[in-house]
Amino acid sequence: AVARQLAQKDSVSLDMSEPVTVGDLRRELAVRVPALVPVLAHVRFAVDNEYADDQSVISADSRVACIPPVSGG
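It should be emphasised that the depicted structure is a prediction, and the values quoted were computed from it without experimental measurement.

How each quantity is defined
- Residues numbered from 1 in each chain as written.
- Predicted model: local features only at pLDDT ≥ 70, side-chain atom pairs only at ≥ 80, totals over all residues.
- Heavy atoms only, no water.
- Helix = DSSP H or I, 4+ residues; strand = E, 2+ residues; numbered from the N terminus.
- Rg over C-alpha atoms; globule rule 2.2 N^0.38 Å.
- Buried < 20%, exposed > 50% of the residue type's maximum accessible area, 1.4 Å probe, protein only.
- Contact = heavy atoms within 4.5 Å.
- Areas by Shrake-Rupley, 256 points an atom, 1.4 Å probe, with all protein chains shown as cover.
- Lys, Arg positive; Asp, Glu negative; His and termini not counted.
- Charge placed at Lys NZ, Arg CZ, Asp CG, Glu CD.
- Core = buried A, V, L, I, M, F, W, Y, C linked by side-chain atoms within 4.5 Å.
- Pairing = 2+ DSSP bridges.
- Axes fitted to C-alpha atoms, helices over the stretch in contact; angles between N-to-C directions.

Looking at the overall build of the protein chain
Within the protein chain one finds three helices and five strands. Along the protein chain, from the amino end to the carboxyl end, the secondary structure elements read α-β-α-α-β-β-β-β. Taken over the C-alpha trace, the protein chain has a radius of gyration of 12 Å; the compact-globule value for 73 residues is 11 Å, and the two agree within 12%. By its C-alpha atoms, the protein chain is 35 × 25 × 20 Å across when sized along the principal axes. Here the protein chain, with 73 residues, has 27% of them falling under the buried criterion. Restricting to contacts in the protein chain with at least 6 residues of sequence separation, those with at least 24 account for 42%. For the protein chain, the exposed surface amounts to about 5,300 Å²; the carbon and sulfur share of it is 49%. Charged side chains in the protein chain number 7 positive and 10 negative. The centres of these two groups are separated by 8 Å.

Here we look at the nonpolar core
Residues Val-22, Leu-29, Leu-36, Phe-45 and Ile-58 are the most contacted members of the largest nonpolar core, which totals 14 residues. Of all elements in the fold, only α2 (22-32), α3 (37-40) and β2 (44-47) reach the threshold of two or more residues within this core. In terms of residues, this core owes the most to one element, α2, which gives three residues. Leave out the neighbours within four places in its chain, and Phe-45 touches Val-22, Leu-25, Arg-26, Leu-29, Leu-40, Glu-50, Tyr-51, Ala-52, Val-64, Ala-65, Cys-66 and Ile-67.

Points about the sheet that holds strand β3 (residues 50-52)
Reading across the sheet, the three strands line up as β3-β2-β5 and stay open at both edges, with antiparallel pairing between neighbours. The open sheet terminates on both sides in strands that have one partner only, identified here as β3 and β5 (64-67). Each adjacent strand pair in this sheet contributes to an overall mean axis angle of 35°, direction not counted. Examined bridge by bridge, β2 and β3 share three bridges and lie antiparallel to one another. In the strand pairing of β3, Ala-46 is matched with Tyr-51. Contacts from α2 reach β2, β3 and β5, with the element oriented near 125° to β2.

Regarding the pairing of β2
Where β2 meets β5, four bridges bridge the pair, whose relative direction is antiparallel. Of the residues in β5, the one forming a bridge with Phe-45 is Cys-66. Counting the residues between successive antiparallel strands, the hairpin from β2 to β3 contains two residues, one of them, Asp-48, with a positive phi of roughly 50°.

Below you can see the structure in the form of structure tokens.
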């Protein structure tokens with residue numbers, strides 16, 4: 001919800017040249033959706049329903065989820 005509120009949209013589509021890693025995606029999101037910069041360093045990503053680190057490769061048909069930090073108590 002935090003990322004959605006900051007981005008002011010439910011999803012973002014990016015066209016990037018392969019090969020693309022999660023780290024590349026993180027950097028591209030910072031450029032294309034600057035409102036996300038405050039949380040991007042803390043966001044986890046999942047590629048095809050599996051948690052992924054910044055070195056994980058994303059293929060053209062991968063589904064990527066952005067999982068922002070959660071707080072509460």
